[in-house]
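# Close look at the chain arrangement
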Amino acid sequence: MPPISDGRFGAELRRLRMSAGLSLRRLAPLVLSSRGHLHDLESGRRHPTVDLAGRLDDALHTNGLLSGMLHPAPAPDDPERLAYVTQHPRRLDPATLHALGEMLAAHRRLEDTLGSTPLIPTIRTQLDLVTTLVAESAGGLRQQVVDLAAQWAQFGGWLYAASDRRRLASRWYGTALEWGTEAGNADMIATVLSMRGHLAWSERRPAPMIGLSAAAVRQPASPGVRAIATQQQARGHALTGEAEVVIDLLDRATELNEAAMQAPDREPPWIYFHSAAYLTMQRGLAYRLLGRNAPAINYLRLGLAGLPAGSSAAAWTGPYLLHLAAALADTGEVGEARDVYERALALGHATRTVSLATQAEAAVRALSARR
């Protein structure tokens, strides 16, 4: 049988397997496959499935490298132009900057479907490229270069944060802040401050979460960017039990969101996910943190149901499903809670979000034990 692939996946699988000191016979049971099937993958005679690539990533500890190879970066209109600029960064032109911007937009949408981990190998390559471009650029294009590079760095920081690699997330957020400041991009400065606050949220540190979110709100940024930071500030106060402050801030976030909807062209492209439904989910989450389960369930349901089709299956919706399920379980709605947890579990598997899948699976087991 002749090979049916270009062999890159198989060659990389063989390299990783040998680096791990595993024979095909030893690897096969770890990934629920057979020695012969794996041999065919390495020789290029078979194409891997998404599920098998994910199991191989888990067994070989590759941080999603093999899964990422199944979903290559969206091709630019002129791939030769990017290849040339990679070799000759000082020959950068506006058309290449446009191609890099289009590629970033495509990756943002792709992450909604695939999750963060499969994209990281490709994004590392792009971060290396934009870092080189910033180092080499001068003259009239430099502000555009550092502005676009800041957007890549912010996206890289988000991917690492979503993959629970917080040190790398903090590093790239810091780089995005530096480049965004040089570019004079108030939206990026506010966004990075807010995302640093999100890192504090993931560690349940309300003081820096509140302070960084408030710093983001003080920037002369767009209403949508400030709405996101304001609702995050509200969640920080919810962690400390300040209910009146929380409600005031959530109302302020709603006002900012209404202003954003009146001038959508003013909003930066990286907050494409922001919507009234998103803020409704945030309000539900804040009530959940305050221990008010009834309104929390109501707002979380409304927000999740109101998401546009492109966002409803995104990995970032997973935590809201977990909070909705937990609130349902606490109010005795065990059957519906299990359904929501199973929905979160399926989302975790589909987007390769290990932390989400792990939490949902543990919660399903705990609910089953209560029967």
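This one's a predicted model, so the numbers in the text were calculated from it and none came from an experiment.

Attention now moves to the side chain of Glu42. Residue placement: Glu42 occurs in helix H3 (residues 35–43). Using a relative accessible area of 14% as the deciding quantity, one classes Glu42 as buried. A polar contact of 2.7 Å, which involves the side chain of Glu42, links it to the side chain of Arg17.

The next thing to look at is the environment of Asn298. Residue position: Asn298 is located in helix H16 (residues 293–306). Assessed through its relative accessible area of 41%, Asn298 is described here as partly exposed. Between the C-alpha atom of Asn298 and that of His61, which follows or precedes it by 237 residues, the distance is 40 Å.

Considering every residue of the chain, the mean pLDDT works out to 87; 91% of them sit at 70 or more. Across the chain, the secondary-structure element scoring lowest on mean pLDDT is helix H6 (residues 79–87), at 62, and the one scoring highest is helix H12 (residues 206–217), at 98. Throughout residues 1–5 the model reports pLDDT below 50, and contacts reaching past four residues in sequence, or to other chains, amount to eleven contacts.

Looking now at the nonpolar core. Grouped together as the largest cluster of nonpolar side chains are 83 residues, with contacts concentrated most on Trp152, Tyr173, Trp179, Trp316, Tyr320 and Tyr341. Here this core gets twelve residues from one element, more than from any other, and that element is helix H9 (residues 142–162). With residues up to four places along the chain from it excluded, the contact list for Tyr341 reads Leu322, Ala325, Ala326, Ala360, Ala363, Val364 and Leu367. Counting residues in hydrophobic clusters, the runner-up holds 15 residues, among them Leu16, Leu52, Leu56 and Leu60.

Another point: helix H18 (residues 318–330). With 13 residues, H18 extends 19 Å from end C-alpha to end C-alpha; this agrees with the ideal 18 Å at 1.5 Å per step. Of all 13 residues in H18, eleven are buried, a share of seventy percent or more. Listing the buried residues of H18 in full gives Gly318, Tyr320, Leu321, Leu322, His323, Leu324, Ala325, Ala326, Ala327, Leu328 and Ala329. In this fold, the buried residues of H18 make contact with helix H15 (276–289), H16, helix H19 (334–350) and helix H20 (354–369). Two residues or fewer after H18 comes Gly332, characterised by a positive phi angle close to 90 degrees.

Rules behind the numbers
- All residue numbers refer to positions counted from 1 along the written sequence of the respective chain.
- Local features in this predicted model are restricted to residues of pLDDT 70 or higher, and side-chain atom pairs are both shown and tallied only at a pLDDT of 80 or more, whereas totals for entire chains, interfaces and linings draw on every residue.
- Excluding hydrogens and water, the side-chain values take into account all heavy atoms of the structure.
- To qualify as a helix, a DSSP run of H or I must reach at least 4 residues; to qualify as a strand, a run of E must reach at least 2; elements of each kind are numbered from the N terminus.
- When a residue's accessible area, from a 1.4 Å probe over protein chains only, is under 20% of the maximum for its type it is buried; when over 50% it is exposed; and in between it is partly exposed.
- The definition of a polar contact used here is a pair of N or O atoms within 3.5 Å, where within protein one atom must be able to donate a hydrogen and the other to accept one, and adjacent residues in sequence count solely through side-chain atom pairs.
- As a per-residue measure, pLDDT tells how confident the predictor is, with possible values from 0 to 100.
- Contact definition: two residues touch when any of their heavy atoms are within 4.5 Å.
- Here, nonpolar core means buried Ala, Val, Leu, Ile, Met, Phe, Trp, Tyr and Cys residues that are tied together by side-chain atoms lying within 4.5 Å of each other.
- Each residue after the first adds 1.5 Å to the expected span of a helix.

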